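Fold and contact review
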Amino acid sequence: MEETEKTDLRVKKTRAAIKNAFKEMIMEMSPSEIQVKELAERAQIHRKTFYLHYTCIEALFEDMIQDVANAYYEKIDTIPADMPMKEVNRVFFEYFSNAEPYVERLMCAPEYQEFFDKTLRVTLMQHNRARHNPYSYLPQEEQNIINIFLTKSSNNMYRQWVSDGKKIPLDRIIDLTGELLTHGISELAK
């Protein structure tokens, strides 16, 4: 058993080194520039060691985004499953605005957005809808439209807030986006 614990510790340390190197690289370059060779050098491991943990860079991307999703699930699971959309939106904005800088880069940098959206949308919808699906009475195709609206809208409103330099206070952006997600623009037009 002691040998297994040592192996597990080595695996954990190696994965942490890979992920930390990846976090640094995310902040410095576009996804196409991240290469296994440089990542391995930064993580102080051999290239072959990287491939013992991940089949390719994209697999590491997916793992990192899954880590983000898992941390978000911990936050969203603290509220009741049938909480109104405004409260779900509050958790979303609070989580992402308080996350490590690499998370914002993964979510907001144009070159990362498509991959982030595709990976996160699937996992979020599976998690959230398994927990509570207020749209279960609708045909699956209609649920898909609602889900894409909610996830894309939330992600894009957050990205716009970041792009604008987060000039709108957090509480106000949460209220505004919650209103939009719940009632659309009809309640805001004068």
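Provided above is the structure to which this section pertains.
Values in this document were obtained by computation on a predicted structure and should not be read as measured data.

What follows concerns the layout of surface pockets. For the largest pocket, the calculated volume is near 430 Å³. For the largest pocket, the lining is made up of 28 residues, of which Met85, Val88, Asn128, Arg129 and Leu150 are closest to its centre. Looking at the lining of the largest pocket, the elements with two or more residues in it are α4 (57–76), α5 (85–98), α7 (110–131) and α8 (140–163). No other element matches the eight residues that α7 contributes to the lining of the largest pocket. Its residues assigned to classes, the lining of the largest pocket comprises 17 nonpolar, six polar and five charged.

Phi is positive for Gln44, close to 60°, though the residue is something other than glycine. By the secondary structure assignment, Gln44 is in the loop between α2 (36–43) and α3 (47–53). Given the relative accessible area of 74%, Gln44 is considered exposed.

To continue, consider the side chain of Glu179. Position of Glu179 relative to the elements: it lies in helix α9 (residues 170–183). Judged by its relative accessible area of 16%, Glu179 falls in the buried class. Excluding its chain neighbours within four sequence positions, the residues that come into contact with Glu179 are Lys86, Gly184, Glu187 and Leu188.

Before going further, it helps to examine the packing of α5 against α8. With their axes 11 Å apart at the nearest point, α5 and α8 run at an angle of 45° to one another. Considering their axes alone, α5 and α8 lie oblique with respect to each other. Once α5 is placed against α8, the crossing between them reads as right-handed. Between α5, through Met85, Phe92, Phe93, Phe96 and Ser97, and α8, the contact on the second element is made entirely by Leu150, Ser154, Asn155, Met157, Tyr158 and Trp161. Tallied by class, the residues present in the contact of α5 with α8 amount to eight nonpolar, three polar and no charged.

Its 14 residues give α5 an end-to-end C-alpha distance of 20 Å, which sits within 8% of 20 Å, the value for a rise of 1.5 Å per residue. Lining the buried residues of α5 we find α4, α6 (101–108), α7, α8 and α9.

Quick look at the nonpolar core now. Grouped together as the largest cluster of nonpolar side chains are 51 residues, with contacts concentrated most on Ile34, Leu39, Phe50, Tyr72, Phe96 and Tyr158. Among the secondary structure elements, those contributing two or more residues to this core are α1 (2–28), α2, α4, α5, α6, α7, α8 and α9. Looking at which element gives the most residues to this core, the answer is α4, with ten residues. Residue contacts for Ile34: discarding those within four places in its chain leaves Phe22, Met25, Ile26, Met29, Leu39, Ile57, Phe61 and Tyr112.

Conventions used here
Every chain begins its residue count from 1, and numbering advances along the sequence as written. For this predicted model, a pLDDT threshold of at least 70 governs which residues receive local features, and a threshold of 80 or more governs which side-chain atom pairs are given and counted, while totals over whole chains, interfaces and linings are taken from all residues. Side-chain measures here rest on the full set of heavy atoms in the structure, leaving out hydrogens and waters. For cavity detection a 1 Å grid was placed over the protein atoms alone, and a set of points counts as a cavity when a 1.4 Å probe fits there but cannot get out; an open set counts as a pocket when protein lies on both sides within 12 Å along at least five of seven lines, with lining residues being those that have an atom within 4 Å of a point. Grid points are joined across faces, edges and corners, and a volume is the space filled by probe spheres set on the points. In DSSP terms, a helix is any run of H or I states spanning at least four residues, a strand is any run of E spanning at least two, and both are numbered starting from the N terminus. Charged means Asp, Glu, Lys or Arg here, nonpolar means Ala, Val, Leu, Ile, Met, Phe, Trp, Tyr, Cys or Pro, and polar covers whatever is left, Gly included. For the exposure calls, accessible area comes from a 1.4 Å probe over protein chains only, and a residue counts as buried if that area is under 20% of its type's maximum, exposed if over 50%, partly exposed in between. Pairs of residues are marked as contacts when any of their non-hydrogen atoms sit within 4.5 Å. In this description, a line fitted to the C-alpha atoms serves as the axis of each element, helices being fitted only across the stretch in contact, and the angle between N-to-C directions of two axes falls anywhere from 0 to 180 degrees. Should an angle lie under 35 degrees it is considered roughly parallel, over 145 roughly antiparallel, and from 65 to 115 roughly perpendicular; all remaining angles are considered oblique. Crossings are classed by handedness, with left-handed meaning an anticlockwise turn of the near helix from the far one by less than a right angle and right-handed meaning a clockwise turn. Take the residue count of a helix, subtract one, and multiply by 1.5 Å to get its expected span. What makes a nonpolar core is a set of buried Ala, Val, Leu, Ile, Met, Phe, Trp, Tyr and Cys residues whose side-chain atoms join them at distances within 4.5 Å.

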